[in-house]
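# Chains, contacts and geometry: an overview
Now for the letters of each chain:
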Amino acid sequence: MFARRPPPDADAGVRLMDEALALMNGLYGTAVRLTRDGDAARDLVQDTYLKAIRAEARFEPGTNLKAWLYTILHNTWRNRRRDFARARVSFDSDTVEAAVDAGRPGVVDAATPESELLRSVMDADIKAAVDALPDAFREAVWLRDVEDLSYQEIADALSVPIGTVMSRISRGRKLLHAA
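Residues numbered from 1 in each chain as written. Predicted model: local features only at pLDDT ≥ 70, side-chain atom pairs only at ≥ 80, totals over all residues. Heavy atoms only, no water.

### Overview of the overall build of the chain
Of the regular secondary structure elements, the chain holds 10 helices and zero strands. Listing the helices and strands of the chain from first to last along the sequence gives α-α-α-α-α-α-α-α-α-α. Residues classed as buried in the chain amount to 34% of the 179 residues present. Taking the contacts inside the chain whose residues are at least 6 apart along the sequence as the reference set, 68% of them involve residues at least 24 apart. (Helix = DSSP H or I, 4+ residues; strand = E, 2+ residues; numbered from the N terminus. Buried < 20%, exposed > 50% of the residue type's maximum accessible area, 1.4 Å probe, protein only. Contact = heavy atoms within 4.5 Å.)

### Description of the environment of Asp 131
With respect to the secondary-structure elements, Asp 131 resides in helix 7 (residues 124-132). Owing to a relative accessible area of 23%, Asp 131 belongs among the partly exposed residues under this scheme. Beyond its immediate chain neighbours, meaning those up to four positions away, Asp 131 contacts Arg 33, Arg 36 and Arg 138.

### A few points about the confidence of the model for the chain
For the chain, per-residue confidence averages 78 on the pLDDT scale, and residues scoring 70 or more make up 71% of the total. Element-level pLDDT for the chain is lowest in helix 6 (residues 113-121), with a mean of 60, against a maximum mean of 92 in helix 3 (residues 38-54). (pLDDT = per-residue confidence, 0-100.)

### A word on helix 2 (residues 24-35)
An ideal rise of 1.5 Å per residue puts 16 Å on 12 residues; helix 2 measures up with 16 Å between its terminal C-alpha atoms. Counting buried positions along helix 2 yields nine of 12 residues, so the element is predominantly enclosed. Regarding helix 2, the residues found buried are Gly 26, Leu 27, Tyr 28, Gly 29, Thr 30, Ala 31, Val 32, Arg 33 and Leu 34. After helix 2 finishes, the residue Arg 36 shows a positive phi value of roughly 60°. (Expected span 1.5 Å × (residues − 1).)

### Quick word on the nonpolar core
Residues Trp 68 and Leu 73 are the most contacted members of the largest nonpolar core, which totals 32 residues. No other element matches helix 4 (residues 65-86), which puts seven residues into this core. (Core = buried A, V, L, I, M, F, W, Y, C linked by side-chain atoms within 4.5 Å.)

### Observations regarding the side chain of Thr 76
By the element assignment, Thr 76 lies in helix 4. Not counting residues within four places of it along the chain, the set of residues in contact with Thr 76 comprises Leu 44, Asp 47 and Lys 51.

### A look at the packing of helix 2 against helix 3
At a minimum axis distance of 8 Å, the contact between helix 2 and helix 3 shows a crossing angle of 130°. Looking at the two axes, helix 2 sits oblique to helix 3. As helix 2 runs across helix 3, the sense of the crossing is right-handed. For the pair helix 2 and helix 3, contact is made by Met 24, Leu 27, Tyr 28, Ala 31, Val 32, Leu 34 and Thr 35 and by Gly 38, Ala 40, Ala 41, Arg 42, Leu 44, Val 45 and Tyr 49, respectively. Its residues assigned to classes, the contact of helix 2 with helix 3 shows 11 nonpolar, two polar and one charged. (Axes fitted to C-alpha atoms, helices over the stretch in contact; angles between N-to-C directions. Parallel < 35°, antiparallel > 145°, perpendicular 65-115°, else oblique. Left-handed = near helix turned anticlockwise from the far one by under 90°. Nonpolar A, V, L, I, M, F, W, Y, C, P; charged D, E, K, R; others polar.)

### Considerations on the side chain of Thr 48
For Thr 48, the location among the structural elements is in helix 3. Using a relative accessible area of 0% as the deciding quantity, one classes Thr 48 as buried. Here the side chain of Thr 48 touches Leu 44 through a polar contact of 2.8 Å, landing on its backbone oxygen. (Polar contact = N/O pair within 3.5 Å; in protein donor to acceptor, adjacent residues only side chain to side chain.)

### What to know about the pattern of salt bridges
Under the criterion given, the structure shown has seven salt bridges. A salt bridge links Asp 148 to Arg 144; the nearest nitrogen and oxygen atoms lie 3.6 Å apart. Its relative accessible area of 24% is what places Arg 144 among the partly exposed residues. Among the charged side chains, a salt-bridge network with shared partners connects Arg 81, Asp 135 and Arg 138. (Salt bridge = Lys/Arg side-chain N within 4 Å of Asp/Glu carboxyl O.)

Listed below in structure tokens is the structure:
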């Protein structure tokens, strides 16, 4: 009597999500480069997919799904950074002093599959040079050279003009070459 009927384009939604899930590895790699933390990157990708599912009705078929997802990813990351900057910092000074006295670093470096791959593929100098790039240059170079997005897709994802993308990539590559 009250059986729920799927919308007429339910198959299109399933196909869209299948295509979106195929892009997960690339999104995760970009999220790791942005957050520099595997757990935070997984959370960022999860939030990206959640927002994509919620906004599925606003996606226009025939447009670039990859660029749409990267735009959601970058906007979510920017919002998190902004919110984090506003957050109050609380700490236990006794714990901090005990860690300093023991000579332990404050952060545990957990190995992720991506970090292991980067260690085996990238020379330490190249990795240091990429990590040393300012955020804006690192994002643009990563999306172009690793994720293989077009300049227009990067401009859409980062919400900047295409000329700014070209400039950031050029300057980022120059900094990498100099390093």
